[in-house]
There are 4 protein chains.
Amino acid sequence: MEYAFRLDFKVRDYECDIQGIVNNGVYQNYLEHARHEYLLVSGVDFVALAKNNINLVVVRAELDYKTPLHSGDEFWIGLNTCQSSKVRFDFLQDIYRSADDKLVMKAKITGTSINERGRPFVPMEISGLFQDK
Amino acid sequence: MEYAFRLDFKVRDYECDIQGIVNNGVYQNYLEHARHEYLLVSGVDFVALAKNNINLVVVRAELDYKTPLHSGDEFWIGLNTCQSSKVRFDFLQDIYRSADDKLVMKAKITGTSINERGRPFVPMEISGLFQDK
Amino acid sequence: MEYAFRLDFKVRDYECDIQGIVNNGVYQNYLEHARHEYLLVSGVDFVALAKNNINLVVVRAELDYKTPLHSGDEFWIGLNTCQSSKVRFDFLQDIYRSADDKLVMKAKITGTSINERGRPFVPMEISGLFQDK
Amino acid sequence: MEYAFRLDFKVRDYECDIQGIVNNGVYQNYLEHARHEYLLVSGVDFVALAKNNINLVVVRAELDYKTPLHSGDEFWIGLNTCQSSKVRFDFLQDIYRSADDKLVMKAKITGTSINERGRPFVPMEISGLFQDK
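Definitions and limits used
Residues numbered from 1 in each chain as written. Chains lettered and ligands numbered in written order. Predicted model: local features only at pLDDT ≥ 70, side-chain atom pairs only at ≥ 80, totals over all residues. Helix = DSSP H or I, 4+ residues; strand = E, 2+ residues; numbered from the N terminus. Rg over C-alpha atoms; globule rule 2.2 N^0.38 Å. Buried ≥ 20, exposed ≤ 12 C-beta atoms within 10 Å, placed from the backbone. Contact = placed C-beta atoms within 7 Å. Least-squares fit on C-alpha atoms with pLDDT ≥ 70 in both. Nonpolar A, V, L, I, M, F, W, Y, C, P; charged D, E, K, R; others polar. Pairing = 2+ DSSP bridges. Axes fitted to C-alpha atoms, helices over the stretch in contact; angles between N-to-C directions.

Q: I tried to follow the overall build of chain A on my own but got confused; where do I start?
A: Secondary structure summary: chain A contains three helices and five strands in total. Mapped from its N terminus to its C terminus, chain A presents α and β elements in the order β-α-α-β-β-β-β-α. Whereas a compact globule of 133 residues would reach a radius of gyration of roughly 14 Å, chain A reaches 16 Å, a difference of no more than 12%. If one aligns the C-alpha atoms of chain A with their principal axes, the spans along those axes are about 45 × 30 × 25 Å. Taking all 133 residues of chain A together, the buried fraction comes to 42%. Sequence-distant contacts in chain A: of pairs separated by 6 or more residues, those separated by 24 or more amount to 66%.

Written out as structure tokens, the structure is:
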């Protein structure tokens, strides 16, 4: 599969729980970091926008857990995007274990952009980014 | 709406991010804690099972973010369950802000139970729990 | 021992690591939450100050780990304060397991208050709070 | 300054709090990951030991916060070790911002190794490691 962006990671022991596998909530941290890095290289700065009261927020997350990651595993996240409505953007994110490219997770994260009054507001750098796809 | 189980929480400042709201990944922590507390009062001990190599794992999560939680907010999670297949169990979990019972999140978390070889294995205390619903 | 403030907690399973005990970094989360709750009931709002560019920050932490907390453990944190210099404040925080009041951790967290230029700046509500002790 | 081990990191946005800086508790996560990576390349596997009921645990942490890390900052951790008693080991860990090698944190983490009964027990691969220093 082809991805518009790819980021490499390694599991850290504090991310693993009593079962010896990465805790189910930690994957959303991984996915967020990959999205923000993708946005940054694409000219969209999550933090600078937040300081200007433009907040990129998640409105829906669908996560399919296929294979657990263990302590020491290296993995990578592939990311594609598509615009799902005038003000909603989908991030299609897949996680693979690096050793054998086994699928770890398939995720679809839907985000939007809101202004200080909580209303949808899509700044130009974001609309441009998603129209390109 | 009626729930089989309810648990009260309060947002902690370290759970909030640069935007001043609870980070999107933290909600899965809240949901997991509510599930484990529910299981515990129902006679299913997540940790004791893990020590016996029976692992309760999440296979799918659907999270709809309705209203963000802020620093200092009190909130509660209502939980219902249903058995979605012979070896899969759904937890329907809703998060409400306590001050006005405004809906914060609707979530459906699907879990299963696997043995040390990674095969589905449903111990009696779990099958009994879900058949009751 | 007498404390100026006390807060009750319960370990959540996602806070435990591969060893089945609360991860060493999580205790600082507990301690921060206790400090912020203490400050809040004392009239000092960490978040409101941050929005006005007055940041309460930790400059030193000393943590003595006495007994590990396990999944399901209830515990409480006792807190006392003292002013260690014109612009530094010590929080003496002890964690106890609730079942038997066994000491879990002794901590001394030193904080200061800085303005938007990173200079020490102690707002009145804080100087008043620590002078009382 | 010379270090026996060095590891590179980048701040992730979910590690930052309302103040826009890395939360004070997150630094212990960074430090732990650097220690475990150092141990691993030195032939000591934290997770494998835990599975054999030999637990490496932190008994004391001293953290001096010098400069906060911000969103997007790259940083590195330098690590040295010394044996502070027959059963205690010190990790001297310094964090530097990569852009200008400005000191972010000085930390001394003291650990020990305990067996399943909670008694100090130092396996050969650890005693060898620290005697070399």
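Q: Which parts of the structure should I look at to understand the relation of the copies chain B and chain A?
A: At an RMSD of 0.0 Å, chain B and chain A line up after a rotation of 180 degrees and a shift of 0.0 Å along the axis. Taken together, the rotation and translation relating the two chain copies correspond to the operation of a two-fold axis. Distance from the rotation axis, computed per C-alpha, reaches its smallest value in chain B at Glu62 of chain B: 2.3 Å. The overlap is high: 100% of the interface residues of chain B also sit at the interface in chain A, so the same surface is used on both sides.

Q: So what exactly am I meant to see when it comes to the interface of chain A and chain C here?
A: In many analyses, interface size is given as the accessible surface area lost on bringing the parts together. Contact with chain A, which involves nine residues of that partner, is made by nine residues of chain C. Its residues assigned to classes, the side of chain A that touches chain C comprises three nonpolar, four polar and two charged.

Q: Quick question: what am I supposed to make of the pairing of strand S3 (residues 74-85) of chain D here?
A: Here is the key point about a regular strand: its side chains alternate between the two faces of the sheet. Residue and element names in this part refer to chain D. Bridging between strand S1 (residues 5-10) and S3 involves six bridges; their strand directions are antiparallel. Note on S3: the bridge partner recorded for Asp8 is Trp76. As defined by bridge partners, S3 adjoins strand S4 (residues 88-97) across ten bridges and the pair is classed as antiparallel. The residue of S4 that forms the bridge with Phe75 is Arg97. Counting the residues in the hairpin turn of S3 and S4 gives two residues.

Q: What should I look at first to understand the environment of Val59 of chain C in this one?
A: With respect to the secondary-structure elements, Val59 of chain C resides in strand S2 (residues 55-65). Given 17 C-beta atoms within a 10 Å radius, Val59 of chain C is considered partly exposed. When the C-alpha positions of Val59 of chain C and Thr112 of chain C are compared, they lie 6.9 Å apart, and in sequence the two are 53 residues distant. Sequence-distant contacts of Val59 of chain C, defined by excluding residues within four places in its chain, comprise Arg88, Thr110, Gly111 and Thr112 of chain C together with Tyr65 of chain D.

Q: I'm lost on the sheet that holds strand S4 (residues 88-97) of chain A in this one. Help?
A: In any sheet, the strands associate via hydrogen bonds between backbone groups, in a parallel or an antiparallel arrangement. Reading across the sheet, the ten strands line up as S1(A)-S3(A)-S4(A)-S5(A)-S2(A)-S2(B)-S5(B)-S4(B)-S3(B)-S1(B) and stay open at both edges, with antiparallel pairing between neighbours. Of all strands in the sheet, those with a lone pairing partner are strand S1 (5-10) of chain A together with strand S1 (5-10) of chain B, marking the two edges. The mean angle between the axes of side-by-side strands here comes to 25 degrees, regardless of whether they run parallel or antiparallel. Here strand S2 (residues 55-65) of chain A runs beside strand S2 (residues 55-65) of chain B; their pairing, made up of five bridges, is antiparallel. From the neighbouring strand, Glu62 of chain A faces S2 of chain B, where its bridge partner is Glu62 of chain B.

Q: Mind showing me how you'd approach the relation of the copies chain A and chain C here?
A: The operation relating the pair of chain copies consists of a rotation about an axis and a translation along that axis. Of the transformation superimposing chain A on chain C, the axial component is 0.0 Å and the angular component is 180 degrees, with the fit at an RMSD of 0.0 Å. The residues that chain A uses at the interface reappear at the interface of chain C in 100% of cases, marking a shared surface.

Q: What's the story with the interface of chain B and chain A in this structure? I'm lost.
A: Of the residues lining the interface, 20 residues belong to chain B; the matching set on chain A comes to 20 residues. Those elements that place two or more of their residues in the side of chain B that touches chain A are helix H1 (26-41), helix H2 (46-51) and S2 of chain B. A breakdown of the residues in the side of chain B that touches chain A according to their chemical character gives ten nonpolar, six polar and four charged.

Just geometry here; none of it tells us what the structure is for.
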